[in-house]
Amino acid sequence: MTLARQKKPLHEVGARIHSFHGGLRLRHHKKISCGDPVEQPPLPELLSVPLTQHAGNAAAPLVSAGETVLKGQPIGRCQPCAQIHSPVSGVVEAIEDRPMTHPSGKMGPCVVIRPDGREQWTGLKPISDWKTASPESLIMQMQDCGLAGLGGAVFPTHRKARDGRDRRIHTLVLNGAECEPWISCDEMLMREQPDKIVLGARILRRALGASRVVIAIEDQMGAVEAALSHAAECAECQNISVVKVPKIYPEGGERQLIQVLTGLEVPLGGRPSQLGMLCQNVATAAAVADAVVEGKPLIERYITVTGHGISHPRNFRALVGTSFSHLVELCGGYTKDVARLVVGGPMMGFPVASDASPVVKASNCVLALTADDISDSQVEMPCIRCGECARVCPASLLPQQLFLQVRNELWNQAAEWGLAACIECGCCDVVCPSHIPLVEWFRFGKGERRKLAMEAEASELARKRFENREARLARLKLERAEKMQRRKQMLKDKASQQDRIQASIERARSRAARQAASTGKGPGDDA
Amino acid sequence: MTRSFPTSGAPHVAPQTNVARVMLQVLLALVPGVLTYAWFFGPGVLVQIALAIFFALLFEAVMLRWRGRELKPFINDYSAVLTAVLFALCIPPLAPWWISCVAMLFAMVFAKHLYGGLGQNVFNPAMVGYVVVLISFPQAMTAWMPPLSLSEIDLGLGAILATIFTGQVPVEGSWDAVTQATPLDLLKTGIESGRLVPELRASPVFGYFGGKGWEWVAGGYALGGFYLLYQRVISWQVPTAVILSVIVLSLPAWLIDPANNPDPLQHVFSGAILLTAFYIATDPVSGCVSNRGRLVFGAGVGLLTLVIRRWGGYPDGAAFAVLLMNMAAPLIDRYTRPRMYGE
């Protein structure tokens, strides 16, 4: 990455649409879930709020079983990550291990709340004068309200904002390019709440110190473009533009979107802020507006419930902690040939083993697929190196080579050929004529490399500790030896001093004796 | 009421194609070339294709059984069939049946399965089989027929079958009566004995720019090749590099001394250049992986073919060129890794 390529003039972001390498044109399946207006489902009987929802550690619970909580009250705190709040007013039934709706598929601590139906809010602290409030106070508000990236990565918003501020970004990119098939929650949000998104964009812009906002949407979202453009016409909306990008998966990926908008590539292992840009999901911007203007914490989100396995697909504004089964029931239940339940899109979503899993801040879609959709009965064949995977790879990697390297555990080679640059978009997997689960291999490879790196770090640490200990012991030994030496020397010195005294006494005596002998006096006379 | 589901990793999308389909597309692309071949040179080629497919599947099955692999997915993937067809297109249509047997033995057993089977072979199996019989049985492998229009004797299907299975031509004069030097042969021996190209080209075995009949067969291959390019079964880099390198490298010699050097189109439309460019050098298993690597690979094939045609002991060198480039492929791959995103 040369300096010249980084320093492009500001006005070029989104002014011209560029292309990115590879990608796939996939069938959308989006209209099917966009028919009904988005509604809030009736309160479920129980809500289960996982304490691990963001990138980072699990939050420490702030409540205990039997306690009464108010809607919006903090119930989990996690220092570097964002807070977790109660989505309803009610009683904490338990804090126990339940499904977390996490890619790992693991159970984890969840706060189980029985709503009392009164929907009584805790005291909210909006920042009404956000136009004059300090950026830092806006960022603090994002942290207090538990905001995290709603596109799926759930990176805490305040941390990203701080990083962007420190790096003096110039352009905030709002990502409305929902490129995965089936998912339509962002599209519905942009249609129904464009003003809130633009307001959130302005607040974020102030918090970040950015000058421009580019809202990227897909070229087939007609209604959205009109709504957002209208919202962006307000008096204080200078330098907010809506840009249409062609619909090629994985265009909504941060790196690909930036390439499409600027023609620049985010440096390998780096972040968009290095190019003076920062990406946020449109839903995150709407949540920022709620958090700052109304003081509302992030306790609900737009979620699509769709797929051929759902009787009547649609979108909801669901509370965090609502079980998927509750939402599916409101959609008329499953069709009879449903075969798999996925959270997220078909390309990058993860499967869940049970629909008892709750909605979390990251859940943008519940996708029920049939056997026909996935057809994983096809046999896996050996790689014939046809190179289709390389043709569609948006990171310009050679997946066929990486696959061999990972399978043969050639970690150094895999690193050199860019295993870490894989964004796990799944394009290679879909086009592979041999049906090799390439992405799973790459995930495995990344995990192994992390493990190896951790082991290497641990052994390095142990080695250092050992060396330090050896050095310390050697030093102590040396010090002891020196001390001994000194003491010996001292004793020796003392001894020699006494010897000298003794010698001089002897000498004196012998002299006296000699004198006495010569003068005829006895030795006693001398004393 | 909650419900549980089986899980499996992303992506949750049905695969778009499969190995058998890819191989079938290549076979389909060969149809125009094969039909043209049969039209100009008689049905012998079809018999050779059938024979080669039979032996290829036989050895494939034996090796799969021996290696303890499942038969069905691999027999049905058409890769052995494709190897057989490509080989059969390279040998004289009247070659005796055991030529196919020996060649497919080496192709399937030695070149393919001893290296680990589908996807693992370093060398192109069809070319290994072809080169083995070319070196071992030069007489049988050089008994080419002229196009039917130039032949005095019209062998029927029965006579062709008899020739292939007995090794004897059932007509008066035997082999001499039905075979003739190929255009490439004529050029090579003619130029070496001091004759001029225009003079040689007066021979009736030459057509507009290649050999009579052969140029149409080559055109048929190219037509199928364009279908493969359109279907994105092969990438454009290999065929472009092969054909361009042949043209670019033969052009100066022809411009300087047209009396002693065939023109570039003569080179492209003679022998196996177009078959190699679209179907053999494009074999992904034994070729290069990156686009730049494929350009280098294709250019190497073109260059080596010309070198062998000009200075080597064989009138055509495409098979040797491909095998030599197969050897170089891993090295080329090493130095042509594409720049990744953000690098």
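Residues numbered from 1 in each chain as written. Chains lettered and ligands numbered in written order. Predicted model: local features only at pLDDT ≥ 70, side-chain atom pairs only at ≥ 80, totals over all residues. Heavy atoms only, no water.

Peer 1: Just to check I follow, could you spell out the overall build of chain B for this structure?
Peer 2: Looking only at helices and strands, one finds 17 helices and 0 strands in chain B. Here the C-alpha radius of gyration of chain B, 21 Å, is about what a compact globule of 343 residues would show, namely 20 Å. Seen through its principal axes, chain B has C-alpha atoms that stretch 90 × 50 × 30 Å. Sorting the 343 residues of chain B into buried and exposed places 55% on the buried side. Considering only residue pairs separated by 6 or more positions, chain B has 74% of its internal contacts joining residues 24 or more positions apart. Total accessible area computed for chain B in this model is approximately 14,900 Å², and 66% of it derives from carbon and sulfur atoms. If you average the places of the 19 positive and of the 17 negative side-chain charges in chain B, the two averages end up 16 Å apart. (Helix = DSSP H or I, 4+ residues; strand = E, 2+ residues; numbered from the N terminus. Rg over C-alpha atoms; globule rule 2.2 N^0.38 Å. Buried < 20%, exposed > 50% of the residue type's maximum accessible area, 1.4 Å probe, protein only. Contact = heavy atoms within 4.5 Å. Areas by Shrake-Rupley, 256 points an atom, 1.4 Å probe, with all protein chains shown as cover. Lys, Arg positive; Asp, Glu negative; His and termini not counted. Charge placed at Lys NZ, Arg CZ, Asp CG, Glu CD.)

Peer 1: Just checking my understanding: could you explain the pairing of strand β13 (residues 314-319) of chain A for this structure?
Peer 2: The side chains of a regular strand alternate, residue by residue, between the two faces of the sheet. Residue and element names in this part refer to chain A. Across the 6 residues of β13, 5 count as buried, placing the element largely inside the fold. Both strand β12 (residues 300-306) and β13 contribute to a ladder of 6 bridges, which runs antiparallel. Its bridge partner being in β13, Val 305 is matched across the sheet by Arg 314. (Pairing = 2+ DSSP bridges.)

Peer 1: How do you make sense of the sheet that holds strand β4 (residues 74-77) of chain A when you look at a structure like this?
Peer 2: Hydrogen bonds between backbone atoms are what pair the strands of a sheet, whose relative direction is either parallel or antiparallel. Residues and elements named next belong to chain A. The strand order β2-β4-β5 describes an open sheet built from 3 strands, whose pairing is antiparallel. The sheet is open, and its two borders are formed by β2 (60-61) and β5 (84-85), each paired with just one other strand. Bridge count for β2 against β4 is 2 bridges, and the pairing is antiparallel. The partner of Pro 61 across the bridge, within β4, is Gly 76.

Peer 1: Sorry, what's going on with the pairing of strand β16 (residues 365-370) of chain A here?
Peer 2: Residue and element names in this part refer to chain A. Counting buried positions along β16 gives 6 out of 6 residues, so the element sits mostly inside the fold. Bridge count for β12 against β16 is 3 bridges, and the pairing is parallel. Each residue of the ladder has a partner; that of Thr 306, found in β16, is Leu 367.

Peer 1: It is not clear to me how the sheet that holds strand β6 (residues 90-99) of chain A should be interpreted in this structure. Could you clarify?
Peer 2: Residue and element names in this part refer to chain A. Pairing within the open sheet is antiparallel, and its 4 strands lie in the order β1-β7-β6-β3. Of all the strands in the sheet, just β1 (47-50) and β3 (68-69) have a single pairing partner and so form its edges. Of the pairings in the sheet, the one linking β1 to strand β7 (residues 107-115) comprises 4 bridges and is antiparallel in character. Considered in β7, the bridge of Pro 50 is made with Cys 110.

Peer 1: What's the story with the environment of Met 381 of chain A in this structure? I'm lost.
Peer 2: Here Met 381 of chain A shows up in the loop between α10 (371-374) and α11 (388-392). Sequence spacing of Met 381 of chain A and Phe 350 of chain A is 31 residues, and the spatial spacing of their C-alpha atoms is 24 Å. Ignoring any residue separated from it by four or fewer positions in sequence, one finds Met 381 of chain A in contact with Ser 434 and Ile 436 of chain A together with Val 19, Pro 73, Phe 74, Asp 77 and Leu 118 of chain B.

Peer 1: Got a minute to help me understand the interface of chain A and chain B in this structure?
Peer 2: By a widespread convention, an interface's size corresponds to the accessible area lost as its parts come together. Across the contact, 68 residues belong to chain A and 43 residues belong to chain B. At the boundary of chain A with chain B, total buried surface from both sides reaches about 4,600 Å², with 59% on carbon and sulfur atoms. In this structure, Arg 385 of chain A and Asp 333 of chain B form a salt bridge, with 3.9 Å as the shortest nitrogen-oxygen distance. If you look at where chain A meets chain B, you find 18 residue pairs in polar contact (both at pLDDT 80 or more). It is strand β14 (residues 338-343) of chain A that provides the largest number of residues to the side of chain A that touches chain B, a total of 5 residues. The residue inventory of the side of chain A that touches chain B, partitioned by class, reads 36 nonpolar, 16 polar and 16 charged. (Buried area = accessible area lost by both parts, 1.4 Å probe. Salt bridge = Lys/Arg side-chain N within 4 Å of Asp/Glu carboxyl O. Polar contact = N/O pair within 3.5 Å; in protein donor to acceptor, adjacent residues only side chain to side chain. Nonpolar A, V, L, I, M, F, W, Y, C, P; charged D, E, K, R; others polar.)

Peer 1: Can you help me understand the domain arrangement of chain A in this one?
Peer 2: Residues and elements named next belong to chain A. The domains assigned to chain A are domain 1 (13-116 + 128-330) and domain 2 (386-517). Centre-to-centre separation of domain 1 and domain 2, based on C-alpha positions: 43 Å. Listed per partner, the contact involves 9 residues of domain 1 and 12 residues of domain 2. Summed over both partners, the interface of domain 1 with domain 2 buries about 790 Å², with 67% contributed by carbon and sulfur atoms. Scanning the region where domain 1 abuts domain 2 turns up 0 salt bridges. The tally of links from domain 1 across to domain 2 stands at 3 residue pairs in polar contact (both at pLDDT 80 or more). A breakdown of the residues in the side of domain 1 that touches domain 2 according to their chemical character gives 5 nonpolar, 4 polar and no charged. (Domains from an automatic or database assignment.)

Peer 1: Explain the packing of helix α2 (residues 44-66) of chain B against helix α4 (residues 79-88) of chain B here, please?
Peer 2: In a pair of packed helices, the angle between the axes and the distance between the axes together describe the arrangement. Residues and elements named next belong to chain B. The N-to-C vectors of α2 and α4 enclose an angle of 140 degrees; their axes lie 8 Å apart at closest approach. Taken together, α2 and α4 sit at an angle that is classed as oblique. Once α2 is placed against α4, the crossing between them reads as right-handed. Contacts between α2 and α4 involve Val 45, Gln 48, Ile 49, Ala 52, Ile 53, Ala 56, Leu 57 and Glu 60 from the former and Ser 79, Ala 80, Val 81, Ala 84, Val 85, Phe 87 and Ala 88 from the latter. A class-by-class count of the residues in the contact of α2 with α4 yields 12 nonpolar, 2 polar and 1 charged. (Axes fitted to C-alpha atoms, helices over the stretch in contact; angles between N-to-C directions. Parallel < 35°, antiparallel > 145°, perpendicular 65-115°, else oblique. Left-handed = near helix turned anticlockwise from the far one by under 90°.)

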